[in-house]
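# A closer look at the structure
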Amino acid sequence: MLKQIKESASFVKSKVSIAPEVGIILGTGLGGLVQSIESPQVLEYKDIPHFPLSTVEGHSGKLIFGTLGGKKVVAMQGRFHFYEGYNMQQVTFPVRVMKFLGIQCLFVSNASGGMNPNFAVGDLMIINDHINCLPNPLIGKNIEELGPRFPDMSEPYSKKLIALGESVGKKLGIPLQKGCYVGTTGPTFETPREYHYFHAIGGDAVGMSTVPEVIVARHMSIPVFAMSIITDLGVDGQVCTVSHEEVQAQGAKAEKKMTQIMTEMLQSLDTNELK
Ligand code: HPA
């Protein structure tokens, strides 16, 4: 595994002249951010040794290198989901490669169903904790070079980055929710009682991604910032039908706000201060 990660990273380094400081996973809601990346250099997943290929509708598979908010970034356009049939090592492989490319922090976005009764469709939520309902990607022999056998998870999402996100939200006049994201396998959306249950155990929103990548990033001590677009509601008495198309449509509506926040955060970010 380590050998494959290093081979992927060396290949990427041989093709791209940008050494990224920040990694970005463009889930639902951040796809449009790609257009703002200056002087882009693009690598397709299919050309990178050991990289899995993206299959899900609405996601394409590319690594995009360039400058955003004055920072050198690498953005993953298209992520891997467990429900697509990849194993957890494949789902999280690109994050490990990004570590070897030198990233100092990771920004992640996704779409989710809101279970907090104060939430509305279209809200943006800063993720400040998660509950993992997927297999843990660190199960198996630990790779000591990446991180410890029993990684600390007391600060899964960087408090400094959350504070920065909140201040940027205020400055731009974009209201932000904050809460706990429950990561499930999918691909089914939740039944009414499942939404109820996830809320009862402390979740504010539920989705099918992010948690695996965050666990692997934290294993390697990478500070993480993550945001979710509430694309539908799983609130008691208000659960209605959900479709992938609807999730994408709501995601597209909120995309501009999310891109603005992330870009502005990159402007004022000093990665040295995260250590
Ligand atoms: N549940 C799970 N995943 C999701 C949802 C949801 O309601 N909305 C968007 N992704």
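Here, every reference points to the structure presented above.
In what follows, the accompanying structure is described.

This paragraph deals with the overall build of the protein. For the protein, the count of helices and strands is six helices and nine strands. Taking 19 Å as the expected radius of gyration for a compact globule of 275 residues, we find that the protein reaches 17 Å, a close match to that expectation. With the C-alpha coordinates of the protein rotated into their principal frame, the extents come out at 55 × 40 × 35 Å. Relative to its 275 residues, the protein shows a buried fraction of 55%. Look at the contacts in the protein between residues 6 or more apart in sequence, and 83% of them connect residues 24 or more apart. Taken as two groups, the 24 positive and 26 negative side-chain charges of the protein have centres that lie 7 Å from each other.

Looking now at the site of the ligand. What surrounds the ligand is the set A111, S112, G113, F189, E190, Y195, V206, G207, M208, T231, D232 and V247. One nitrogen or oxygen atom from the main chain of G113 is found 3.3 Å from a nitrogen atom belonging to the ligand. E190 is positioned with one of its side-chain polar atoms (N or O) 2.6 Å from a nitrogen atom of the ligand. Computed on the free molecule, the ligand has an accessible area of 260 Å², of which 96% lies beneath the protein chains in the complex. Among the detected pockets, the ligand sits in the largest pocket. When residues of the shell around the ligand are traced back to their parent elements, those giving at least two are β5 (105–114), β8 (205–207) and β9 (224–233). Looking at the shell around the ligand residue by residue, the classes come out as six nonpolar, four polar and two charged.

Here we come to the packing of helix α1 (residues 2–15) against helix α2 (residues 88–101). One way to put it is that α1 packs onto α2 with a least axis distance of 9 Å and a crossing angle of 60°. On the basis of their axis angle, the class for α1 and α2 is oblique. Note on packing geometry: the crossing formed by α1 with α2 is right-handed. When α1 is examined against α2, the residues L2, Q4, I5, K6, S8, A9, V12 and K13 are found in contact with a partner set consisting of F93, R96, V97, F100 and L101. Split by residue class, the contact of α1 with α2 holds eight nonpolar, two polar and three charged.

Applying the stated criterion across every chain, the model contains one cavity of 30 Å³ or more. Reported here for the largest cavity is a volume of approximately 30 Å³. Considering the residues around the largest cavity, the lining is formed by R79, F80, H81, F82, V91, L134, M208, S209, T210, P212 and E213. Class assignment of the residues belonging to the lining of the largest cavity gives a composition of six nonpolar, three polar and two charged.

The full count for this structure, using the stated rule, is six aromatic pairs. Taking 5.4 Å as the distance between ring centres and 40° as the angle between the ring planes, the aromatic pair formed by Y45 and F80 counts as tilted. Of the two residues, Y45 is situated in the loop between β2 (38–44) and β3 (62–68) and F80 in the loop between β4 (71–77) and α2; the sequence distance between them amounts to 35 residues. For the pair shown, Y45 and F80 are each scored as buried. Geometrically, the ring pair formed by F51 and F93 is edge-to-face, given 5.9 Å between the ring centres and 80° between the ring planes.

This model, assessed by the stated rule, comprises seven salt bridges. With a shortest N-O distance of 2.7 Å, E213 and R79 are connected by a salt bridge. Residue E213 is located in helix α5 (residues 211–219), and its partner R79 is located in the loop between β4 and α2; the two are separated by 134 residues in the primary sequence. R79 carries the same exposure label as E213, and that label is buried.

Procedures and definitions
- Residues numbered from 1 in each chain as written.
- Predicted model: local features only at pLDDT ≥ 70, side-chain atom pairs only at ≥ 80, totals over all residues.
- Heavy atoms only, no water.
- Helix = DSSP H or I, 4+ residues; strand = E, 2+ residues; numbered from the N terminus.
- Rg over C-alpha atoms; globule rule 2.2 N^0.38 Å.
- Buried < 20%, exposed > 50% of the residue type's maximum accessible area, 1.4 Å probe, protein only.
- Contact = heavy atoms within 4.5 Å.
- Lys, Arg positive; Asp, Glu negative; His and termini not counted.
- Charge placed at Lys NZ, Arg CZ, Asp CG, Glu CD.
- Near = heavy atom within 4 Å.
- Polar contact = N/O pair within 3.5 Å; in protein donor to acceptor, adjacent residues only side chain to side chain.
- Areas by Shrake-Rupley, 256 points an atom, 1.4 Å probe, with all protein chains shown as cover.
- 1 Å grid on protein atoms, 1.4 Å probe; cavity = no way out; pocket = protein on both sides within 12 Å on 5 of 7 lines; lining within 4 Å.
- Sits in = over half its atoms within 2 Å of the grid points.
- Nonpolar A, V, L, I, M, F, W, Y, C, P; charged D, E, K, R; others polar.
- Axes fitted to C-alpha atoms, helices over the stretch in contact; angles between N-to-C directions.
- Parallel < 35°, antiparallel > 145°, perpendicular 65-115°, else oblique.
- Left-handed = near helix turned anticlockwise from the far one by under 90°.
- Points joined across faces, edges and corners; volume = space filled by probe spheres on them.
- Phe/Tyr/Trp six-rings, centres within 6.5 Å; stacked < 30°, edge-to-face > 60°.
- Salt bridge = Lys/Arg side-chain N within 4 Å of Asp/Glu carboxyl O.

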